[in-house]
Amino acid sequence: MAQNEFSVSSSVVVQAPPEAVFAVLADPRKHSVIDGSGTVQGEMSGPERLVLGSKFGMRMRRGVGYRITNTVVEYEENRLIAWRHMLPGRWRYELEPVGDAATKVTETYDFTAMLPKLVARTGLPKQNQRSIEATLQRLKDHLENGEQA
């Protein structure tokens, strides 16, 4: 489901409080556990807990291996975290409490600042949409069942 013409997003309800969900998202060492794209390979560098302005690096693989450094560019404790790397695309997670012990998690990949019409023609947004859906399912499984997907 597209949020706007130049972003893709999806949501899931996780049976865990926002604090528990945020703790996973704000720990870059957990990103390889929940990554649904298959590109995050681990070997994280950076702080154990991300905050606004934090830089963290990771080993990635999409055909060939590479390293990437991300910077946290949006942050609201237990509600919102977003980061970007050298390209101005932005990965954003928004958390909304549902009842007493559940959280609606919305992940968005926003490529508005990246020659968006060109990016839209590459097929990358559709690929990222599938990755977002898989990541959200892995996040849900990890928090609800302790699965290390």
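Just so it is clear, the structure is predicted and the values come from calculations on it, not from any experiment. (Residues numbered from 1 in each chain as written. Predicted model: local features only at pLDDT ≥ 70, side-chain atom pairs only at ≥ 80, totals over all residues. Heavy atoms only, no water.)

S.K.: Before we move on, could you go through the nonpolar core and cite the residues and values that matter?
M.R.: The biggest cluster of nonpolar side chains holds 31 residues, and the ones touching the most others in it are Val 21, Leu 25, Met 58, Ile 81, Val 105 and Leu 139. For this core, the leading source of residues is helix H1 (residues 18–25), giving four residues. (Core = buried A, V, L, I, M, F, W, Y, C linked by side-chain atoms within 4.5 Å. Buried < 20%, exposed > 50% of the residue type's maximum accessible area, 1.4 Å probe, protein only. Helix = DSSP H or I, 4+ residues; strand = E, 2+ residues; numbered from the N terminus.)

S.K.: So what's going on with the confidence of the model for the chain? Which residues, and what values?
M.R.: Residues at a pLDDT of 70 or more form 79% of the chain, whose mean pLDDT is 83. Mean pLDDT per element in the chain: helix H3 (residues 116–122) is the minimum at 59, and H1 is the maximum at 96. (pLDDT = per-residue confidence, 0-100.)

S.K.: With reference to specific residues and values, describe the environment of Thr 135.
M.R.: For Thr 135, the position within the fold is in helix H4 (residues 124–145). In sequence terms Thr 135 and Ser 10 are 125 residues apart; their C-alpha atoms lie 9.9 Å from each other. Look past the residues within four positions of Thr 135 in its chain and what remains in contact with it is Ile 34, Asp 35, Gly 36, Ser 37, Tyr 93 and Glu 107. (Contact = heavy atoms within 4.5 Å.)

S.K.: Please provide a residue-by-residue account of the packing of aromatic side chains, values included.
M.R.: Counted according to the given criterion, the structure contains four aromatic pairs. Ring centres 5.6 Å apart and planes at 35 degrees place the aromatic pair Trp 83 and Tyr 93 in the tilted group. You can see Trp 83 sitting in strand S5 (residues 80–84) and its partner Tyr 93 sitting in strand S6 (residues 90–98), a full 10 residues away along the chain. The burial state of Trp 83 is the same as that of Tyr 93; both residues are buried. With centroids separated by 4.3 Å and ring planes inclined at 35 degrees, the aromatic side chains of Trp 91 and Tyr 109 adopt a geometry described as tilted. Residue Trp 91 is located in strand S6, and its partner Tyr 109 is located in strand S7 (residues 102–110); the two are separated by 18 residues in the primary sequence. Side by side, Trp 91 and Tyr 109 carry an identical accessibility label, which is buried. (Phe/Tyr/Trp six-rings, centres within 6.5 Å; stacked < 30°, edge-to-face > 60°.)

S.K.: Please give an account of the environment of Glu 96 that cites residues and values.
M.R.: Here Glu 96 lies in strand S6. As for Glu 96 and Leu 80, which are separated by 16 residues in sequence, their C-alpha atoms are 9.1 Å apart. Leave out the neighbours within four places in its chain, and Glu 96 touches Arg 79, Ala 102, Thr 103 and Lys 104.

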